[in-house]
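Each chain is listed here by its residues.
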Amino acid sequence: GAGVSQTPSNKVTEKGKYVELRCDPISGHTALYWYRQSLGQGPEFLIYFQGTGAADDSGLPNDRFFAVRPEGSVSTLKIQRTERGDSAVYLCASSLGAYREQYFGPGTRLTVT
Amino acid sequence: GENVEQHPSTLSVQEGDSAVIKCTYSDSASNYFPWYKQELGKRPQLIIDIRSNVGEKKDQRIAVTLNKTAKHFSLHITETQPEDSAVYFCAGGSQGNLIFGKGTKLSVKP
């Protein structure tokens, strides 16, 4: 079946602007995760949803970052007042449930100029 | 919180040789340890994983071992091929989120 999809694949924005990144998980996967990956680094955990609720948001760097998953499927990561340090690839993953194998999407490359 | 250390950061082997990548973790509550392969510009792909109730797991040329007492786990690739060249990440976790190592860039020379 279809894998995890993310849109857009690339996003260039100016410092101070607001951006939304979308993740469409594998059908039937109840758990969804957001990570970000800087060049030469491993993915860094941001937030994890089980169903509609955020089960763990301890990785969100500050209150400019927010994520939602209103119907338990598609999720949107929202970043306010973007800063150049937010530039990274934002990866989404999904799994059948917590403690199960996580499958990644292709990522959204965010560049803040 | 969990901290995962990975080494070496780069590894170069001759085609047909074996490659070993090692990781250590800090949180004794961690019970799930996957390994991902990431080619340049691509998404991380799960290649093998192990849970804390198992000491070793093998899938064709790839094997993973786990030592819970010492809090370390290793990836073993035998009979390496040029297409094994990529960055490999280990990760550990217990409650859904994963903490990743910094990665090992594996180069397999033909």
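Above this text you will find the structure in question.
In this text the structure is predicted, and so the values were computed from the model without any measurement.

**Quick look at the overall build of chain B**
Reasoning step 1: For chain B, the helix and strand inventory stands at 0 helices and 11 strands.
Reasoning step 2: Along chain B, from the amino end to the carboxyl end, the secondary structure elements read β-β-β-β-β-β-β-β-β-β-β.
Reasoning step 3: Taken over C-alpha atoms, the radius of gyration comes to 13 Å for chain B, in line with the 13 Å a tight globule of 110 residues would show.
Reasoning step 4: Summarising its shape, the C-alpha atoms of chain B cover approximately 40 × 30 × 20 Å along the three principal directions.
Reasoning step 5: Within chain B, buried positions represent 45% of all 110 residues.
Reasoning step 6: Considering only contacts in chain B between residues 6 or more positions apart, those separated by 24 or more positions represent 52%.

**Remarks on the sheet that holds strand 7 (residues 62-67) of chain B**
Residue and element names in this part refer to chain B.
Reasoning step 1: On the basis of which strands lie adjacent, the open sheet formed by 5 strands has the order 1-3-8-7-6 and antiparallel pairing. Two strands in the sheet have a free side with no partner beyond their single neighbour: strand 1 (4-7) and strand 6 (56-59). Each strand axis lies, on average, 15° off the axis of its neighbour in the sheet, ignoring direction.
Reasoning step 2: As defined by bridge partners, strand 7 adjoins strand 8 (residues 72-77) across 6 bridges and the pair is classed as antiparallel. Residue pairing for strand 8: Ile62 is matched across the bridge by Ile77.

**A word on the pattern of salt bridges**
Reasoning step 1: Taken as a whole and judged by the stated rule, the model has 8 salt bridges over all chains.
Reasoning step 2: A salt bridge links Arg61(B) to Asp84(B); the nearest nitrogen and oxygen atoms lie 2.9 Å apart. Highlighted residues: Arg61(B) in the loop between strand 6 and strand 7 and Asp84(B) in the loop between strand 8 and strand 9 (86-92), separated in sequence by 23 residues.
Reasoning step 3: Taking the relative accessible area as the measure of exposure, Arg61(B) reaches 23% and is therefore partly exposed.
Reasoning step 4: Several salt bridges share partner residues, and in doing so they unite Arg64(A), Glu83(A) and Asp86(A) into one network.

**Brief notes about the pairing of strand 7 (residues 65-68) of chain A**
Regular strands place side chains that alternate from one sheet face to the opposite one.
Residue and element names in this part refer to chain A.
Reasoning step 1: Of the two faces of strand 7, only the one carrying Phe65 and Ala67 is buried; Phe66 and Val68 on the other face are not.
Reasoning step 2: Relative to strand 8 (residues 75-79), strand 7 runs antiparallel, the two being bridged by 4 bridges. Residue Val68 lies in a different strand from strand 8, and its bridge partner there is Thr76.
Reasoning step 3: Counting the residues between successive antiparallel strands, the hairpin from strand 7 to strand 8 contains 6 residues, one of them, Gly72, with a positive phi of roughly 75°.

**Focus on the sheet that holds strand 1 (residues 5-7) of chain A**
All names here are of chain A.
Reasoning step 1: Spatial strand order, 1-3-8-7: 4 strands in an open sheet with antiparallel pairing. Taken across any chain shown, the strands that pair with only one partner, and hence form the sheet edges, are strand 1 and strand 7. Neighbour to neighbour, the strand axes of the sheet diverge by 15° on average, direction disregarded.

**A look at the interface of chain A and chain B**
Reasoning step 1: Listed as interface residues are 20 residues of chain A and, on the opposing side, 17 residues of chain B.
Reasoning step 2: In total, about 1,600 Å² of surface goes out of reach between chain A and chain B, with carbon and sulfur atoms giving 52% of it.
Reasoning step 3: Linking chain A with chain B are 0 salt bridges.
Reasoning step 4: The interface formed by chain A and chain B contains 6 residue pairs in polar contact (both at pLDDT 80 or more).
Reasoning step 5: Elements supplying a minimum of two residues to the side of chain A that touches chain B: strand 4 (31-37), strand 5 (44-50) and strand 10 (103-104) of chain A.

**Here's the deal with the packing of aromatic side chains**
Reasoning step 1: Evaluated as defined, the whole model comprises 13 aromatic pairs over all chains.
Reasoning step 2: Between Tyr35(A) and Phe104(A), the ring centres sit 5.4 Å apart and the planes meet at 45°, which makes this aromatic pair tilted. With Tyr35(A) in strand 4 and Phe104(A) in strand 10, this pair connects stretches of sequence that are 69 residues apart.
Reasoning step 3: On the accessibility criterion, Phe104(A) (4% relative accessible area) is buried.
Reasoning step 4: Through a chain of ring-to-ring contacts, the aromatic side chains of Tyr33(A), Tyr35(A), Phe45(A), Tyr48(A), Phe104(A), Tyr36(B), Phe89(B) and Phe100(B) assemble into a single cluster.

Criteria and cut-off values
Residues numbered from 1 in each chain as written. Chains lettered and ligands numbered in written order. Predicted model: local features only at pLDDT ≥ 70, side-chain atom pairs only at ≥ 80, totals over all residues. Heavy atoms only, no water. Helix = DSSP H or I, 4+ residues; strand = E, 2+ residues; numbered from the N terminus. Rg over C-alpha atoms; globule rule 2.2 N^0.38 Å. Buried < 20%, exposed > 50% of the residue type's maximum accessible area, 1.4 Å probe, protein only. Contact = heavy atoms within 4.5 Å. Pairing = 2+ DSSP bridges. Axes fitted to C-alpha atoms, helices over the stretch in contact; angles between N-to-C directions. Salt bridge = Lys/Arg side-chain N within 4 Å of Asp/Glu carboxyl O. Buried area = accessible area lost by both parts, 1.4 Å probe. Polar contact = N/O pair within 3.5 Å; in protein donor to acceptor, adjacent residues only side chain to side chain. Phe/Tyr/Trp six-rings, centres within 6.5 Å; stacked < 30°, edge-to-face > 60°.

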